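Examining the three-dimensional arrangement
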Amino acid sequence: FDSSGMEEDHKVSLSDIVGLLDFVKRRPQIFRDTIRVVDPLYGAPDTYSRRLVTLFNSHRLGNREHNTTMHHTALVMKGWRLHRRLFRRAVEQRFFASVLVVASSTVMA
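For clarity, every value in this text was computed on a predicted model and none was experimentally measured.

About the thresholds
Residues numbered from 1 in each chain as written. Predicted model: local features only at pLDDT ≥ 70, side-chain atom pairs only at ≥ 80, totals over all residues. Heavy atoms only, no water. Helix = DSSP H or I, 4+ residues; strand = E, 2+ residues; numbered from the N terminus. Buried < 20%, exposed > 50% of the residue type's maximum accessible area, 1.4 Å probe, protein only. Contact = heavy atoms within 4.5 Å. Areas by Shrake-Rupley, 256 points an atom, 1.4 Å probe, with all protein chains shown as cover. pLDDT = per-residue confidence, 0-100. Patch = residues over 30% accessible without salt bridge, like charges linked within 9 Å, V, L, I, M, F, W, Y side chains within 5 Å. Salt bridge = Lys/Arg side-chain N within 4 Å of Asp/Glu carboxyl O. Lys, Arg positive; Asp, Glu negative; His and termini not counted. Charge placed at Lys NZ, Arg CZ, Asp CG, Glu CD.

A few words now on the overall build of the protein chain. Broken down by element type, the protein chain carries four helices and zero strands. In the protein chain, the succession of α and β elements from N to C terminus is α-α-α-α. Across the 109 residues of the protein chain, 7% fall into the buried class. Within the protein chain, residue pairs in contact and separated by at least 24 positions form 27% of the contacts whose partners lie at least 6 positions apart. Accessible area for the protein chain stands at about 9,700 Å²; split by element, carbon and sulfur atoms hold 63% of it.

Given below as structure tokens:
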């Protein structure tokens, strides 16, 4: 995986992975309840919206901070920013694929 095009703050470091593994060891049930895998390219939006609503409304988090409106707003805004970035990248990739199809068909003709 070539991460040269990624910004530094978006890369996953070794300390991030170690911290996540420590979290899983300390509180495995919260990890299972709060971590959701989302595949925006192949998944159904209805499925993901139900999963995210369940996650945001979870009372098993054990910390009242997670249930505050400000925290919810920040998470939702972060999710929408990520969605916007993914959507823009998809548009760029679609354009690049179209250019490659036109170029390859021109060369073959």
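Another aspect to go through is the confidence of the model for the protein chain. Confidence in the prediction of the protein chain, expressed as mean pLDDT, is 77, and 74% of residues score 70 or more. Per-element confidence in the protein chain is highest for helix α4 (residues 69-108), whose mean pLDDT is 88, and lowest for helix α3 (residues 45-56), whose mean pLDDT is 70.

With that settled, consider a positive patch on the surface. A cluster of basic side chains, namely Lys78, Arg81, Arg84 and Arg88, defines a positive patch on the protein surface. Tracing the sequence through the fold places Arg81 in helix α4.

On the surface, a cluster of nonpolar side chains totalling about 500 Å² of accessible area is made up of Val12, Leu14, Ile17, Val18 and Leu21. Inspection of the secondary structure puts Leu21 in helix α1 (residues 14-26).

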